[in-house]
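# Analysis of the macromolecular model
Below, each chain spelled out in residue letters.
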Number of protein chains: 2
Amino acid sequence: MRPVSEGVVWEATGLTRERRWAGTGLRGATIWMTGLPASGKSTLAAAVVERLVEMGRPAYRLDGDNLRHGLNGDLGFDPAGRDENVRRAGEVARLMADAGLIVVVSLISPYADARAAARAIHENDGLPFVEVWVSTPVEECERRDPKGLYARARRGELTGMTGVDDPYEPPAAPDIEVRPGRDGLAADVDRVVAALRERGVVPAG
Amino acid sequence: MRPVSEGVVWEATGLTRERRWAGTGLRGATIWMTGLPASGKSTLAAAVVERLVEMGRPAYRLDGDNLRHGLNGDLGFDPAGRDENVRRAGEVARLMADAGLIVVVSLISPYADARAAARAIHENDGLPFVEVWVSTPVEECERRDPKGLYARARRGELTGMTGVDDPYEPPAAPDIEVRPGRDGLAADVDRVVAALRERGVVPAG
């Protein structure tokens, strides 16, 4: 499944995760927010990070667009580029969660198989993974369109745009489904934090 | 310099680094350990992480061999594969340091240009970067050879091995040069921690 470079021996020196976490009061996990462009993932992710930091929990947002300015700046938007984009985000989230951070990934991640792989590398490594489907319908995303991407795609200036000419595969069994604007942002954040509580990542209320 | 995927807009929603760090008592930085295979990078890196965790500072080791089991498992050992390996490690270290971790990278990182690029993305982003050259001579590395890699390379079973048939470019101006075995591991760790103190990453002793 996961590729391993030839001739590379796993380096096992050092503290266990348990000792690192116990020594610094951390407890890592990944919250994976998937949804169409302009569905509200980034807004929700930022609000979750803010709430967690207010609670004194080290949290960090991995934003798909920002990753494409650095780590994933070499990738395109063809299916292989998208899969690699999601694969790398999943690997980085796993490392950060292992380090003890609560990682909040906001990434379109349109393909179910790639999301399942991100979950698998966490769960196989004993790290909590919470999939949040931000389920704003495409018509509403297109009406919001804060970055003008749908308009550009409709004019033919962008191709391979998820929701326009590239598919989005909705999660079959997300841990949480959030429809921004229905219950309000604070209530949406509450639900994500509750999922972390259930998994022992943040202390009970 | 750094590639940026087409049509991607930087997502700026959310807490500033200052608020994230202040809210959780963190302060990030990257310690970059470079040196020949079997020079002692992993041992030093593990000891630095252990010391920092004892001090209550969230620290995390990014080990080159372990990265090749996950994020960088798709890469080979040709010059392009090595450069991409170091590029990704640098980007991940920068993200983790931005999150507030003290990241300890142990990575052969044989080429000076690739190391300089890793430094640049940190310093351009206001994040401390401490280059540690683990300067064990090749003859001694080959005598130690705990993973049997030099022996395999000498038998022709591995090609592109740094120190055997691929060059190592020593740092011209490392922040710290460590020669394992000369002063003892604890003293070597002290010097790395002192460099973090000088940069305000850990409190004055």
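Conventions adopted
Residues numbered from 1 in each chain as written. Chains lettered and ligands numbered in written order. Predicted model: local features only at pLDDT ≥ 70, side-chain atom pairs only at ≥ 80, totals over all residues. Heavy atoms only, no water. Salt bridge = Lys/Arg side-chain N within 4 Å of Asp/Glu carboxyl O. Buried < 20%, exposed > 50% of the residue type's maximum accessible area, 1.4 Å probe, protein only. Phe/Tyr/Trp six-rings, centres within 6.5 Å; stacked < 30°, edge-to-face > 60°. Helix = DSSP H or I, 4+ residues; strand = E, 2+ residues; numbered from the N terminus. Lys NZ or Arg CZ within 6 Å of the ring centre and 35° of its normal. pLDDT = per-residue confidence, 0-100. Contact = heavy atoms within 4.5 Å. Lys, Arg positive; Asp, Glu negative; His and termini not counted.

## Section: the pattern of salt bridges
All names here are of chain A. Overall, the coordinates contain 46 salt bridges over all chains when judged by the stated rule. With a shortest N-O distance of 3.8 Å, R182 and D183 are connected by a salt bridge. Relative accessible area serves as the criterion here: at 55%, R182 is assigned to the exposed category.

## A word on the packing of aromatic side chains
Residue and element names in this part refer to chain A. Within the structure shown, the criterion is met by two aromatic pairs over all chains. Seen in terms of ring centroids, W32 and F129 are 5.8 Å apart; in terms of plane orientation they differ by 35 degrees. Their pairing is tilted. Of this pair, W32 sits in strand β1 (residues 29-34) while F129 sits in strand β4 (residues 129-134), placing them 97 residues apart in sequence. By relative accessible area, which is 2% here, F129 ends up buried. Looking at R68, its charged tip hangs above the ring of F77, at a distance of 3.9 Å from the centre.

## Regarding the confidence of the model for chain A
The share of residues in chain A with pLDDT of 70 or more is 93%, and the mean pLDDT across the chain is 92. The ipTM for the predicted assembly is 0.92, set against a pTM of 0.93.

## Focus: the environment of A:V138
All names here are of chain A. When you line up the elements, V138 lands in helix α6 (residues 138-144). Considering only alpha carbons, one finds V138 and T159, 21 residues apart in sequence, at a separation of 16 Å. Not counting chain neighbours up to four residues away, the residues in contact with V138 comprise L36, Y150 and G163.

## Regarding the side chain of A:R57
Note that A:R57 resides in the loop between α2 (41-54) and β2 (59-63). One buried charged side chain, A:R57, makes no salt bridge at all; its nearest oppositely charged neighbour is A:E54, positioned 13 Å away. If sequence neighbours within four positions are ignored, A:R57 has contacts with A:G25, A:L26, A:R27, A:L52, A:I102, A:V201, A:V202 and B:T24.

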